[in-house]
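# Architecture and fold: a report
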Amino acid sequence: MSQQRKRRLKNLLDKVPPGYMVDTPWLRAQGINPKSIHDYVSRGWLERVVRGVYCRPLPEGAQSTPGNAWAIALLSLQRIMNYGTYLGGESALDLAGHVHYLDLGAARRVHFYGSAPSWLKRLPMLRQIVLHRDRLFGDDLTGVVDVGPDIEGAGPAINVWHWPVKASSPERAILEALDELPNRASFDHLDKIFEGLTTLRPKPLMTLLLRCRSVKVRRLFFVFSDRHRHPWSKHLEVSKIDFGSGPRALVEDGKFHPAYRIYVPHAFVDEDEARANA
């Protein structure tokens, strides 16, 4: 092997921890051509995951946890290949400890936001990866933070690198989760999650509400906020929020919420408030 090829191989091994993944565009950017990629696979320095995606093998005898393969994929995107992908919505709330039960009637899903390669959906995973375009905030990454570094159950061969995961803060994640209503999430499920959000921070929450592009999400947030009346809600400057104009029909046969002019399930409209606003 030439000295140049040795340097490229060393660079690869220095940048890619055991168990992590890279794709063909990244390898080519490191000066590794298709012939060399094939050679690395044949020599056991890389393993093919799916077409165009490779991982560095784990040391002999080491094992990762299949249920956390999504985390390794996400860290590979974030920390090695520099894709603008982050964990968001209900998955970020779960990572922060705000989801304490499983919805047994639904498939296990993990929510990725931002830019991501098309091959991500082809990876063999126990969980379904759901890719979202960030319609709520566009390129604004306010509220995307580093969480970690350890990934529970990933094993010493993975966690030795101590990379944090880029994920939405709870304040941003609940807005992303509300955007899934009503077609891809249930009111009852998010109501239970919202009930536990007792420690949201008013200042970053206000910033995110003002930057959020969705009238639907802003209205829904305050429907839930008024329903649970957490202490932090008293510190939100509701008068600064643009709720848009005109009523919104969100659910079929729903009840009109008089304060936020949106049709929601009957249980989410306080009867006394409805009479007061009639």
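Scroll up a little and you will see the structure.
The present account deals with the structure reproduced in this document. (Residues numbered from 1 in each chain as written. Predicted model: local features only at pLDDT ≥ 70, side-chain atom pairs only at ≥ 80, totals over all residues. Heavy atoms only, no water.)

### Considering the sheet that holds strand β3 (residues 53–55)
Spatially, three strands are ordered β1-β3-β2 in an open sheet, and the strand pairing comes out antiparallel. Because the sheet does not close on itself, it has two edges, and the strands there are β1 (21–23) and β2 (47–50). The sheet shows a mean angle of 35° between the axes of neighbouring strands, taken without regard to direction. For β1 and β3, the ladder comprises three bridges, and the chain directions are antiparallel. Bridged to Val22 within β3 is Tyr54. (Pairing = 2+ DSSP bridges. Helix = DSSP H or I, 4+ residues; strand = E, 2+ residues; numbered from the N terminus. Axes fitted to C-alpha atoms, helices over the stretch in contact; angles between N-to-C directions.)

### Things to note about the pattern of salt bridges
Here the structure, examined in full by the defined rule, presents 13 salt bridges. Of the charged contacts in the structure, one is a salt bridge between Arg172 and Glu176, with a shortest N-O distance of 3.1 Å. In this pair, Arg172 and Glu176 both sit in helix α7 (residues 170–178), four residues apart, roughly one turn of the helix. Taken as a pair, Arg172 and Glu176 share a single burial class, namely buried. The partner of Asp191 in a salt bridge is Arg227, and the shortest N-O contact between them spans 2.9 Å. Residue Asp191 is found in helix α8 (residues 187–195), and its partner Arg227 is found in helix α10 (residues 215–228); the two are separated by 36 residues along the sequence. A network of salt bridges, in which partner residues are shared, links Arg79, Asp146 and Lys166. (Salt bridge = Lys/Arg side-chain N within 4 Å of Asp/Glu carboxyl O. Buried < 20%, exposed > 50% of the residue type's maximum accessible area, 1.4 Å probe, protein only.)

### As for the packing of α7 against helix α9 (residues 202–211)
As a packed pair, α7 and α9 sit with axes 9 Å apart at the nearest point and diverge in direction by 35°. Crossing geometry of α7 relative to α9 is assigned as right-handed. Residues Glu171, Arg172 and Leu175 of α7 touch α9, and the partners they reach there are Leu205, Leu208 and Leu209. (Left-handed = near helix turned anticlockwise from the far one by under 90°. Contact = heavy atoms within 4.5 Å.)

### A look at the packing of aromatic side chains
Using the criterion set out here, one finds 15 aromatic pairs in the structure. Consider the rings of Tyr20 and Trp163, whose centres lie 5.4 Å apart with planes at 85°: the pair is edge-to-face. Of this pair, Tyr20 sits in the loop between α1 (3–15) and β1 while Trp163 sits in the loop between α6 (156–159) and β8 (165–168); the two residues are 143 residues apart in sequence, bridging distant segments of the chain. Judged by its relative accessible area of 2%, Tyr20 falls in the buried class. Aromatic pair Phe221 and Phe222: ring centres 5.3 Å apart, planes at 85°, arrangement edge-to-face. Since its relative accessible area comes to 0%, Phe221 is described here as buried. (Phe/Tyr/Trp six-rings, centres within 6.5 Å; stacked < 30°, edge-to-face > 60°.)

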